[in-house]
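Breakdown of the fold
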Amino acid sequence: MSHPILLTGDRTTGPLHLGHYAGSLRNRLKYQDTHRQFVMLADTQALTDNIGNIGKVRESVLDVAMDYLAVGIDPEKTNICVQSHLPALAELSLLYLNFVSVGRLQRNPTVKEEVRARGFEQSIPAGFLCYPAAQAADITAFRATLVPVGEDQIPMIEQTNEIIRRMNAVVGRPLLEEIEAIVPKTGRLPGVDGASKMSKSAGNAIGLSASPAEISAAVNAMYTDPNHLRVQDPGQVEGNVVFTYLEAFHDDAEEVEALKAHYRRGGLGDVTLKKRLEGILQDFLEPIRDRRARLEQDLDHIRDILRDGTQTARNVTEQTKSEIYDGLGLFRL
Ligand code: TRP
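Rules behind the numbers
Residues numbered from 1 in each chain as written. Predicted model: local features only at pLDDT ≥ 70, side-chain atom pairs only at ≥ 80, totals over all residues. Heavy atoms only, no water. Phe/Tyr/Trp six-rings, centres within 6.5 Å; stacked < 30°, edge-to-face > 60°. Lys NZ or Arg CZ within 6 Å of the ring centre and 35° of its normal. Axes fitted to C-alpha atoms, helices over the stretch in contact; angles between N-to-C directions. Helix = DSSP H or I, 4+ residues; strand = E, 2+ residues; numbered from the N terminus. Parallel < 35°, antiparallel > 145°, perpendicular 65-115°, else oblique. Contact = heavy atoms within 4.5 Å. Nonpolar A, V, L, I, M, F, W, Y, C, P; charged D, E, K, R; others polar. Buried < 20%, exposed > 50% of the residue type's maximum accessible area, 1.4 Å probe, protein only. Near = heavy atom within 4 Å. Polar contact = N/O pair within 3.5 Å; in protein donor to acceptor, adjacent residues only side chain to side chain. Areas by Shrake-Rupley, 256 points an atom, 1.4 Å probe, with all protein chains shown as cover. Salt bridge = Lys/Arg side-chain N within 4 Å of Asp/Glu carboxyl O. Domains from an automatic or database assignment. Buried area = accessible area lost by both parts, 1.4 Å probe. Left-handed = near helix turned anticlockwise from the far one by under 90°. Expected span 1.5 Å × (residues − 1). Core = buried A, V, L, I, M, F, W, Y, C linked by side-chain atoms within 4.5 Å.

1. What about the packing of aromatic side chains?
Counting across every chain of the model gives 8 aromatic pairs. Joined through ring pairs, the aromatic side chains of Tyr21, Tyr245, Phe249 and Phe284 make up one cluster. The residue whose ring lies beneath Arg11 is Tyr131, and the NZ or CZ to ring-centre distance is 4.6 Å. The ring of Phe249 carries the charged tip of Arg26 above its face, separated from the ring centre by 5.4 Å.

2. With respect to the packing of helix H9 (residues 154-171) against helix H14 (residues 299-328)
When two helices pack together, their arrangement is given by the angle between the helix axes and by the axis-to-axis distance. Contact pair H9 / H14: the axes reach a minimum separation of 8 Å and the direction vectors enclose 50°. The orientation of H9 relative to H14 falls into the category oblique. Where H9 approaches H14, its residues Met167, Val170 and Val171 are matched on the opposing element by Ile324, Gly327 and Leu328. Looking at the contact of H9 with H14, its residues break down into 5 nonpolar, 1 polar and no charged.

3. Section: the environment of Arg265
Among the secondary structure elements, Arg265 is positioned in helix H12 (residues 253-265). Taking the relative accessible area as the measure of exposure, Arg265 reaches 59% and is therefore exposed. Separated by 31 residues in the primary sequence, Arg265 and Pro234 place their C-alpha atoms 5.0 Å from one another. Beyond its immediate chain neighbours, meaning those up to four positions away, Arg265 contacts Gln232 and Pro234.

4. Section: the site of the ligand
The immediate surroundings of the ligand are formed by 13 residues, with Gly9, Gln45, Gln135, Asp138 and Gln153 found nearest. Here a nitrogen atom of the ligand sits 2.9 Å away from a polar atom, N or O, in the side chain of Gln135. In this structure, Gln153 approaches the ligand through a side-chain N or O atom, which is 3.0 Å from a nitrogen atom. Here the ligand, which alone exposes 360 Å², has 91% of that area covered by the protein. Put simply, the parts of the chain that give the shell around the ligand at least two residues each are strand E1 (5-11), strand E2 (36-42) and helix H8 (131-141). Looking at the shell around the ligand, the element that brings in the most residues is E1, giving 4 residues. Of the residues that constitute the shell around the ligand, the class distribution is 6 nonpolar, 5 polar and 2 charged.

5. Notes on the pattern of salt bridges
Under the definition given, this model contains 23 salt bridges. With a shortest N-O distance of 2.7 Å, Asp67 and Arg292 are connected by a salt bridge. Placement of the pair is Asp67 in helix H3 (residues 54-71) and Arg292 in helix H13 (residues 270-295), with a sequence separation of 225 residues. Judged by relative accessible area, which is 6%, Arg292 ranks as buried.

6. Here's the deal with the domain arrangement of the protein
Taken domain by domain, the protein holds domain 1 (5-188 + 299-328) and domain 2 (212-293). Each of domain 1 and domain 2 has a C-alpha centre, and the two are 33 Å apart. Taken together, the contacts link 12 residues of domain 1 with 10 residues of domain 2. Note on domain 1 versus domain 2: buried area summed over both sides is about 920 Å², and carbon and sulfur give 65% of it. The interface formed by domain 1 and domain 2 holds 2 salt bridges in total. Residue Arg292 is joined to Asp63 by a salt bridge in which the shortest nitrogen-to-oxygen separation is 2.6 Å. Remark: the boundary between domain 1 and domain 2 carries 4 residue pairs in polar contact (both at pLDDT 80 or more). Every element with two or more residues in the side of domain 1 that touches domain 2 is listed here: helix H1 (18-31) and H3. For the side of domain 1 that touches domain 2, the element with the most residues is H3, which contributes 6 residues. Considering only residue class, the side of domain 1 that touches domain 2 consists of 7 nonpolar, 2 polar and 3 charged.

7. What to know about unusual backbone geometry
Note: most residues except glycine have negative phi, and most peptide bonds are trans. The phi dihedral of Arg143 falls on the positive side, at around 55°, and the residue is not glycine. Following the sequence through the fold, Arg143 ends up in the loop between H8 and strand E4 (146-148).

8. Structural notes on the packing of helix H4 (residues 87-96) against H14
In the contact formed by H4 and H14, the axes pass within 8 Å of each other and the chain directions differ by 30°. Between H4 and H14, the crossing angle belongs to the class labelled roughly parallel. Taken as a pair, H4 and H14 cross one another with a handedness that is left-handed. Contact residues: Pro87, Ala88, Leu89, Glu91, Leu92, Leu95 and Tyr96 in H4; Arg314, Thr317, Glu318, Lys321, Ile324, Tyr325 and Leu328 in H14. Considering only residue class, the contact of H4 with H14 consists of 9 nonpolar, 1 polar and 4 charged.

9. A look at H14
For H14, spanning 30 residues, the distance from its first C-alpha to its last is 42 Å, which sits close to the expected 44 Å at 1.5 Å a residue. Ile302, Ile305, Leu306, Gly309, Thr310, Ala313, Val316, Thr317, Thr320, Lys321, Ile324 and Gly327 are the residues of H14 that are buried. A positive backbone phi angle near 90° is found at Gly329, which sits one or two residues after H14.

10. Things to note about the nonpolar core
In this structure, Leu18, Ile206 and Tyr245 are the most contacted members of the largest nonpolar core, which totals 53 residues. The biggest single contributor to this core is H3, with 9 residues. Two domains each put at least three residues into this core: domain 1 (5-188 + 299-328) and domain 2 (212-293). In this structure, Val100, Val115, Ile164 and Leu176 belong to the second largest nonpolar core, which totals 42 residues.

See the structure below:
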């Protein structure tokens, strides 16, 4: 088998945060040295729940691109492209809608959760309901088989594989290979308030370009063990967000274990513990913020990167589209 290809993407709805880093950016950085990787600015998918905010979606394209570069995604190694400028993705999406039922789309657990969170129960935009089929198109158009994503995207991967299997059955041979998610070992990063997911809209996120004061305030507000009232009392590590963040962002696993033991035993106060985490996060985010500030000085350079990346991506996705049209036996002109 040839070397597997990676594709992943982010909806362009605002700058990225630590949840994105722990969920998928870290894996992208790891794989860009060894694999062919495409990273897509998913502005078309962002529209599926932001049709009233097109300005935000448009402006976030450069924002997210700068976040990628600031964390170290290297355009020499990773192709960065813009979804709305890849017509083959839209064409394949339309085709893939024939390999999935409305009922199956409605049962997708992530779609269900998002419908609830957005108050779409009364009326779901059709584009939103169908975005899992579009995401299957994104992935397969690049012939990607590995998809570095957060846990919440696993239902999308399952649904993509169902579409692939159905299509292969129609074609009568394995036209497309099944895909696999690459999810982080640490699991989903909770919000600073302890909610299961970090998100900008919930106000519980730490942005990748957060200022030192914002980082400090977020760590101070972090959810710990509500029953740990006095320093000398034993405290609980499970569900304590400070420890979850230490696990996700501190390289020194031994120190994390020692801090946990100390906290459980009693004698380690929340203030001291939070100071330690704050130092780690400040050190982690400072170079990202600096790089990001430099990138903002030359937006033309960012645009050039996106133009180049999208051109390459267009060639790749058009090629796959032709292979799929031929495989299915569509009319040839
Ligand atoms: N749904 C993803 C998110 O919410 C974004 C996305 C769009 C994506 N297309 C993709 C992720 C293809 C992986 C592969 O962030």
